[in-house]
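What follows is the residue order along each chain.
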Amino acid sequence: MFRNLNIGSKLVLLGLVFSLPIAALLFLLVKEQNIAIDFGQNERRGVEYINPIRHLLHDIQKHQVAFLNGGAAEASALAKQIDEDIRSAQEVDGRYGKELKTNHGLAGLVEKWSTTKSLILRSSSNAKPENINSAYDDIVGKSILPLIIQAGDTSQLILDPDLDSYYAMDNVVLNLPTLAQLIAQTNAHVADLILTRENMESKKQLISFLLARIEPTMERLSTGLQTAINQNPSLRSKLSLPLRTHIETVKAFDDMIRRQVLEAGPSDFAKIDLKAMSANGMKALESNYAMYDVTIGVLDDLLATRVGGFNQKRVYSLVISGITIAIALLFIASIGRSISKPLAELKEVTDRIVKGDLSTPADIDRRDEIGQLAGAINRLQKSLQSGNKMKAA
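Residue indices follow the written sequence of each chain, beginning from 1 at its first position. Restriction of local features to residues with pLDDT of at least 70 applies here, the model being predicted, together with a cutoff of 80 or more for giving and counting side-chain atom pairs; totals for whole chains, interfaces and linings are based on all residues. Excluded from the side-chain calculations are hydrogens and water; all other atoms, namely the structure's heavy atoms, are used.

1. A short note on the overall build of the protein chain
Next up, step 1: Note on conventions: DSSP H or I runs of at least 4 residues are helices, E runs of at least 2 residues are strands, and numbering of each starts at the N terminus. Within the protein chain one finds nine helices and zero strands.
Next up, step 2: Secondary structure elements of the protein chain occur, N-terminal to C-terminal, as α-α-α-α-α-α-α-α-α.
Next up, step 3: In terms of C-alpha radius of gyration, the protein chain reaches 39 Å, well past the compact-globule figure of 21 Å for 393 residues.
Next up, step 4: Per-residue accessibility, obtained with a 1.4 Å probe over protein chains only, is compared with the maximum for each type, and a residue is labelled buried under 20%, exposed over 50%, and partly exposed between these values. Counting every position in the protein chain, which comprises 393 residues, the buried fraction comes to 41%.
Next up, step 5: Taking all contacts inside the protein chain whose residues are at least 6 apart in sequence as the whole, residues at least 24 apart take part in 80%.
Next up, step 6: Of the accessible surface of the protein chain, which amounts to about 21,400 Å², a share of 58% is contributed by carbon and sulfur atoms.
Next up, step 7: The averaged location of the 44 negative side-chain charges in the protein chain is 9 Å from the averaged location of its 45 positive side-chain charges. The atom set for the radius of gyration is the C-alpha atoms, and the globule formula is 2.2 Å times the number of residues raised to the power 0.38. By the convention used here, residues are in contact when the closest approach between their heavy atoms is within 4.5 Å. Per-residue and other accessible areas were derived by the Shrake-Rupley procedure at a 1.4 Å probe size, with only the shown protein chains allowed to occlude residues. Neither His nor the chain termini are counted; the positive set is Lys and Arg, and the negative set is Asp and Glu. The location of each charge is read from NZ of Lys, CZ of Arg, CG of Asp or CD of Glu.

Here is the structure:
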């Protein structure tokens, strides 16, 4: 079979055989790059899903504070904003909910908020702050925070392979939402204590417990982001100042609660300004969400940069491979022509010799085997010419 192929075909076949391993390696390389791209894009879908849930969590916590402080107009406006947040979450859930397996969780959250809102409105005039706080704690602790974690799990954010984006993810999915809830709970239970002045010691113990949980959460937040900065120094300009500001704000909140609430005697509570205390708590909460927005922005930028890098590598791989294959084909074609053209010329010379035409020698000036063959044919041609002359004489 191969003996019947011309030289050009044999060279092409040889090139294809040697190209197969290169093609296989290219396929595996591009496949790995596609997997990395899909992984990063899935993480970005998780970030996109979490963002409206973050706004929903924030507004529900603000709604709780407004309701406890008797701000009916503010609470009503926040209730409308919460409905808008839910619609935004449902829109994102419509795109990614099936993939992230969040449909059921969001539907349960919406139903629970509707129930909580109705319960609060029905009992607004006589509800105990303790019961109100319990209702808000239930919707946040059992519906919102688990939904954020679910999106982080199913989008594979928790499996992020790079240290800088991993620690940004850890704070977006776990530390910052947890810290926000601890601050909101502390603020709400302080309001309960100031409003009712009942069971003061047990409520102080609860507030002290919440403050004790804030400290290690802040430590994890700070340590994680500092690790991200050390791993990627370009993040310093984005994270250092907001982190330092947040640490100072939360510390001031902690100090104020300890000094004015936990260390206060029964007679001191009449002097505490509930609105000023709530404002301090809201300042800490707003600082936490400012830190959240910076961190989630950094995380999305890191993921976008990584995906873009893999896309670029994939393009480079395909372009370089294409150029290499094109050069190889040109090289094979050049070699084929360098062999087939002189062989065709030698065939013409031998055909003329067979017909008795000994006047035109092979005009091939080469030092390889083809040049040696051309020299042999030319010598044969001269020998035949000499023989013909002798016969003629």
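2. Some thoughts on the confidence of the model for the protein chain
In low-pLDDT regions, the fine details of the predicted coordinates are not to be read closely.
Next up, step 1: When pLDDT is averaged along the protein chain, the result is 86, and 95% of the positions lie at 70 or above.
Next up, step 2: Mean pLDDT in the protein chain bottoms out at helix H9 (residues 369-392), which sits at 76, and peaks at helix H6 (residues 200-231), which reaches 94. What pLDDT conveys is the predictor's confidence in a given residue, as a value from 0 to 100.

3. Structural notes on a nonpolar patch on the surface
Next up, step 1: The grouping of Val 12, Leu 13, Leu 14, Leu 16, Val 17 and Phe 18 at the surface amounts to a nonpolar patch, some 550 Å² of accessible area in total.
Next up, step 2: In this fold, Leu 13 is placed in helix H1 (residues 7-68).
Next up, step 3: For Leu 13, a relative accessible area of 33% corresponds to the partly exposed category. Like-charged residues are merged into a patch within 9 Å and nonpolar side chains (Val, Leu, Ile, Met, Phe, Trp, Tyr) within 5 Å, provided each residue has over 30% relative accessible area and no salt bridge. We count a salt bridge whenever a side-chain nitrogen from Lys or Arg sits within 4 Å of a carboxyl oxygen from Asp or Glu.

4. Some remarks on the packing of aromatic side chains
Next up, step 1: Classification of ring pairs rests on two measures: the distance between centres of Phe, Tyr or Trp rings, Trp counted by its six-membered ring, which must be within 6.5 Å, and the angle between planes, read as stacked under 30 degrees, edge-to-face over 60 and tilted in between. In the structure shown here, the tally under the stated rule is two aromatic pairs.
Next up, step 2: Ring centres of Tyr 166 and Tyr 167 lie 5.3 Å apart, and the angle between their planes is 85 degrees; on these two criteria the pair is classed as edge-to-face.
Next up, step 3: On the basis of relative accessibility, which here comes to 24%, the residue Tyr 167 falls in the partly exposed class.

5. A word on the layout of surface pockets
Next up, step 1: Grid points spaced at 1 Å over the protein atoms alone were grouped into cavities, where a 1.4 Å probe fits but cannot get out, and pockets, open sets with protein on both sides within 12 Å along at least five of seven lines, with lining residues defined by an atom within 4 Å of a point. Grid points are joined across faces, edges and corners, and a volume is the space filled by probe spheres set on the points. In this structure, the largest pocket encloses a volume near 330 Å³.
Next up, step 2: Among the elements that line the lining of the largest pocket, the one with the most residues is H1, at 10 residues.
Next up, step 3: Each residue is assigned to one class: nonpolar for Ala, Val, Leu, Ile, Met, Phe, Trp, Tyr, Cys and Pro, charged for Asp, Glu, Lys and Arg, and polar for all the others, Gly among them. Looking at the lining of the largest pocket residue by residue, the classes come out as 14 nonpolar, four polar and no charged.

6. Topic: the packing of helix H5 (residues 163-196) against H6
Next up, step 1: Close contact between H5 and H6 brings their axes to 9 Å; oriented N to C, the two are set at 160 degrees. Our classification of the angle between H5 and H6 gives roughly antiparallel. Handedness of the crossing formed by H5 with H6: left-handed.
Next up, step 2: The residue inventory of the contact of H5 with H6, partitioned by class, reads 18 nonpolar, 11 polar and six charged. The axes used here are C-alpha line fits, helices contributing only the stretch in contact, and every angle between their N-to-C directions lies in the interval 0 to 180 degrees. In what follows, roughly perpendicular refers to angles from 65 to 115 degrees, roughly parallel to angles under 35, roughly antiparallel to angles over 145, and oblique to any angle outside these ranges. By convention, the crossing between two helices is left-handed when the near helix turns anticlockwise from the far helix through less than a right angle, and right-handed when the turn is clockwise.

7. Description of the nonpolar core
Next up, step 1: By size, the foremost hydrophobic cluster in this structure holds 80 residues, and its most contacted members are Ile 50, Ile 60 and Ile 214.
Next up, step 2: Only H1, helix H2 (72-100), helix H3 (103-122), helix H4 (129-154), H5, H6, helix H7 (236-262) and helix H8 (274-354) provide two or more residues apiece to this core.
Next up, step 3: In terms of residues, this core owes the most to one element, H5, which gives 15 residues.
Next up, step 4: Setting aside chain neighbours within four positions, we find Ile 50 in contact with Ile 148, Ala 151, Gly 152, Leu 157, Val 172, Val 173, Tyr 292 and Ile 296.
Next up, step 5: Ranked by size, the runner-up nonpolar core spans nine residues in total, among them Leu 346, Leu 358, Ala 362 and Ile 364. Buried Ala, Val, Leu, Ile, Met, Phe, Trp, Tyr and Cys residues that are joined via side-chain atoms within 4.5 Å together make up what is termed a nonpolar core.

8. Digging into the environment of Glu 43
Next up, step 1: By the element assignment, Glu 43 lies in helix H1.
Next up, step 2: Glu 43 sits in the buried class, given a relative accessible area of 0%.
Next up, step 3: Sequence spacing of Glu 43 and Ser 155 is 112 residues, and the spatial spacing of their C-alpha atoms is 5.1 Å.
Next up, step 4: When residues no more than four places from it in sequence are discounted, the contact partners of Glu 43 are Ser 155, Gln 156, Leu 157, Asp 160, Pro 161, Leu 303 and Arg 306.

9. Quick word on the packing of H5 against H7
Packed helices, taken two at a time, are described by the angle their axes make and the gap between the axes.
Next up, step 1: One can describe the packing of H5 onto H7 by two numbers: an axis separation of 12 Å at closest approach and a directional angle of 25 degrees. Here H5 lies roughly parallel to H7, going by the angle between them. Two packed elements cross with a definite hand, and for H5 against H7 that hand is left-handed. For the pair formed by H5 and H7, the contact residues are Leu 179, Ile 183, Thr 186, Asn 187, Val 190 and Leu 193 on the first element and His 246, Val 250, Phe 253, Ile 257 and Val 261 on the second.
Next up, step 2: Here the residues of the contact of H5 with H7 sort into eight nonpolar, three polar and no charged.

10. So, the pattern of salt bridges
Next up, step 1: Considering all chains together, one arrives at 17 salt bridges under this definition.
Next up, step 2: Between Glu 48 and Arg 95 there is a salt bridge whose closest N-O contact spans 2.2 Å. One end of the pair, Glu 48, is in helix H1; the other, Arg 95, is in helix H2, with 47 residues separating them in the sequence.
Next up, step 3: Classification of Arg 95 by relative accessible area gives partly exposed; the value is 39%.
Next up, step 4: We note a salt bridge from Asp 293 to Arg 54, for which the minimum N-O separation is 2.7 Å. In this pair, Asp 293 sits in helix H8 while Arg 54 sits in helix H1, placing the two residues 239 residues apart along the sequence.

11. Looking at the environment of Thr 295
Next up, step 1: Structurally, Thr 295 is set in helix H8.
Next up, step 2: Through-space distance from the C-alpha of Thr 295 to that of Glu 74 is 28 Å; in sequence the pair is 221 residues apart.
Next up, step 3: Residues in contact with Thr 295, not counting those within four places in the same chain, are Ala 168, Asn 171, Val 172, Leu 176, Leu 225 and Leu 239.

12. A short note on H7
Next up, step 1: To estimate the expected span of a helix, subtract one from its residue number and multiply by 1.5 Å. Taking 1.5 Å per residue as the helical rise, H7 with its 27 residues ought to reach 39 Å, and the 37 Å between its terminal C-alpha atoms agrees with that figure.
Next up, step 2: Taken residue by residue, H7 has Leu 239, Ser 240, Leu 243, His 246, Thr 249, Val 250, Phe 253, Asp 254, Met 256, Ile 257, Val 261 and Leu 262 as its buried positions.
Next up, step 3: The elements touched by buried residues of H7 are H5, H6 and H8.

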